[in-house]
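Now for the letters of each chain:
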Amino acid sequence: MTTEDLRTDDLAPALEREEATDPFVLGGETFRSRLLLGTGGVPSLETLEAAVRASGTQLVTVALRRVEASASGSMMQVLERAGVRLLPNTAGCRTAREAVRTAQLAREAFGTPWVKLEVIGDDRTLLPDAVELLDAAEHLVADGFTVLAYTTDDPVLGRRLADVGCAAVMPLGSPIGSGLGIRNPHNIALLREAVAVPVVLDAGIGTASDAALAMELGCDAVLLASAVTRARDPERMALAMRQAVEGGRQALLAGRIPRRWHAEASTSFDGMPEL
Amino acid sequence: MQVTVNGAMVELGDGATVADLVAARAVGHDRVAVARNGDVVPRSSWAQTPLAPGDAVEVLAPTAGG
């Protein structure tokens, strides 16, 4: 069965209408898809291409590393063929200085001022270094970059990043690649309240319900890599994430029922026969 | 002259430019970025940027990443 067979085509017209009235605007660009896909951990180029297509993503993260004889040029061909926009990252950087230089090199290589700013402060958890991150964000915004900042789920730091001009604040749900989901949903909801720019849940997603929760909490989009690229069937998981993000968004817009301690009958007791 | 390229010492001909180095090292890559002694060398300046003995150069290309 291909992913096309799995699509809910009957809903497509309704979803298209919804997309038209619910655009995702990020850095001045409008996107149909609210799923950003990372390429890290992908087992093969064929898998990457299938996953990108199944996910429906329009924005894909890439990295810069020392050039090797192996042709990573072909990854770029896959992404160009898929027609996605590129979002270079500063993965692995530990200081503001290093991140700023990496972003400048990425702008040169990829020809885009967009950057996923990542400044890591700890080897085991890969948690962001708040001080270096804010410093780097300020420099990059001043240098004309569209900065999407990977950050902790701290609403105050999120506000500071938005205040210095980041185009999006991207809190982690849990550590990168951990698949632990959203450990502090309340903080994510508070962060969503605290800033006017888009909030993208970035890191920690393990499965589809995590992505749906992020959207139900009010996040504008979800960025994930490992959950798809390291799944047993990346193409199918990419489709699952697409549907989860769409489902979570629709649920948010639809407005969930309040939680109750006890039951509330959905079938009326009026007209109940005596038997 | 001796220059450090991506962390390894290499011998280059005198007068070699960044463009020469990229042509030799980044075959098949059309999206390459170069830093010389930590500073970005814009693509438009590669041919006019001669390397000097002791320079540390990073030649970078796209790869997969989250």
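Residues numbered from 1 in each chain as written. Chains lettered and ligands numbered in written order. Predicted model: local features only at pLDDT ≥ 70, side-chain atom pairs only at ≥ 80, totals over all residues.

### Structural notes on the overall build of chain A
What chain A contains, in helices and strands, is 11 helices and 10 strands. Taken over C-alpha atoms, the radius of gyration comes to 20 Å for chain A, in line with the 19 Å a tight globule of 275 residues would show. Taken along the three principal axes of its C-alpha coordinates, chain A extends 80 × 45 × 35 Å. For chain A, the proportion of its 275 residues judged to be buried stands at 46%. (Helix = DSSP H or I, 4+ residues; strand = E, 2+ residues; numbered from the N terminus. Rg over C-alpha atoms; globule rule 2.2 N^0.38 Å. Buried ≥ 20, exposed ≤ 12 C-beta atoms within 10 Å, placed from the backbone.)

### Thoughts on the UniProt feature "active site" (unreviewed entry) in chain A
All names here are of chain A. Residues annotated in UniProt with the feature "active site" (unreviewed entry) correspond here to Lys116. Structurally, Lys116 is set in strand β6 (residues 114–117). Look at Lys116 and you get buried, because 28 C-beta atoms sit within 10 Å. Those residues within four positions of Lys116 in sequence are excluded, and the remaining contacts are Thr61, Leu87, Asn89, Leu148 and Tyr150. (UniProt positions renumbered as here; feature names shortened; annotations may be inferred. Contact = placed C-beta atoms within 7 Å.)

### Side note on the environment of A:Val62
Here A:Val62 shows up in strand β4 (residues 59–66). Note: C-alpha distance between A:Val62 and A:Gly179 (117 residues apart in sequence) is 20 Å. Look past the residues within four positions of A:Val62 in its chain and what remains in contact with it is A:Thr39, A:Leu86, A:Pro88, B:Pro62, B:Ala64 and B:Gly65.

### Focus on the sheet that holds β6(A)
In a beta sheet, neighbouring strands pair by backbone hydrogen bonds and run either parallel or antiparallel. Residues and elements named next belong to chain A. Across the sheet, which stays open at both edges, the 3 strands sit in the order β6-β7-β8 with parallel pairing between neighbours. Every interior strand has two partners, whereas the edge strands, β6 and β8 (168–171), have only one. Shown here is a sheet whose adjacent strand axes are inclined to one another by a mean of 15°, direction ignored. With 4 bridges joining them, β6 and strand β7 (residues 146–151) adopt parallel strand pairing. Directly across from Trp114, in β7, lies its bridge partner Thr146. Here helix α6 (residues 130–142) sits on the sheet and contacts β6 and β7; the angle it forms with β7, its principal contact strand, is near 170°. (Pairing = 2+ DSSP bridges. Axes fitted to C-alpha atoms, helices over the stretch in contact; angles between N-to-C directions.)

### Description of the interface of chain B and chain A
Taken together, the contacts link 23 residues of chain B with 28 residues of chain A. Those elements giving two or more residues to the side of chain B that touches chain A turn out to be β3 (33–36) and β5 (56–64) of chain B. When residues of the side of chain B that touches chain A are assigned to their parent elements, the largest contribution, 7 residues, is made by β5(B). The class makeup of the residues in the side of chain B that touches chain A is 11 nonpolar, 7 polar and 5 charged. Relative to β5(B), β4(A) runs antiparallel, the two being bridged by 5 bridges. Counterpart to A:Val62 in the pairing with β5(B) is B:Ala64. (Nonpolar A, V, L, I, M, F, W, Y, C, P; charged D, E, K, R; others polar.)

### Here we look at helix α8 (residues 185–194) of chain A
Residues and elements named next belong to chain A. Residues of α8 that are buried: Ile188, Leu191 and Arg192. When α8 is viewed along its axis, its buried side chains cluster within an angular range of 105° and face the same direction. In α8, the exposed positions angled more than 90 degrees off the buried face are occupied by His186 and Glu193. (Arc of directions from axis to C-beta.)

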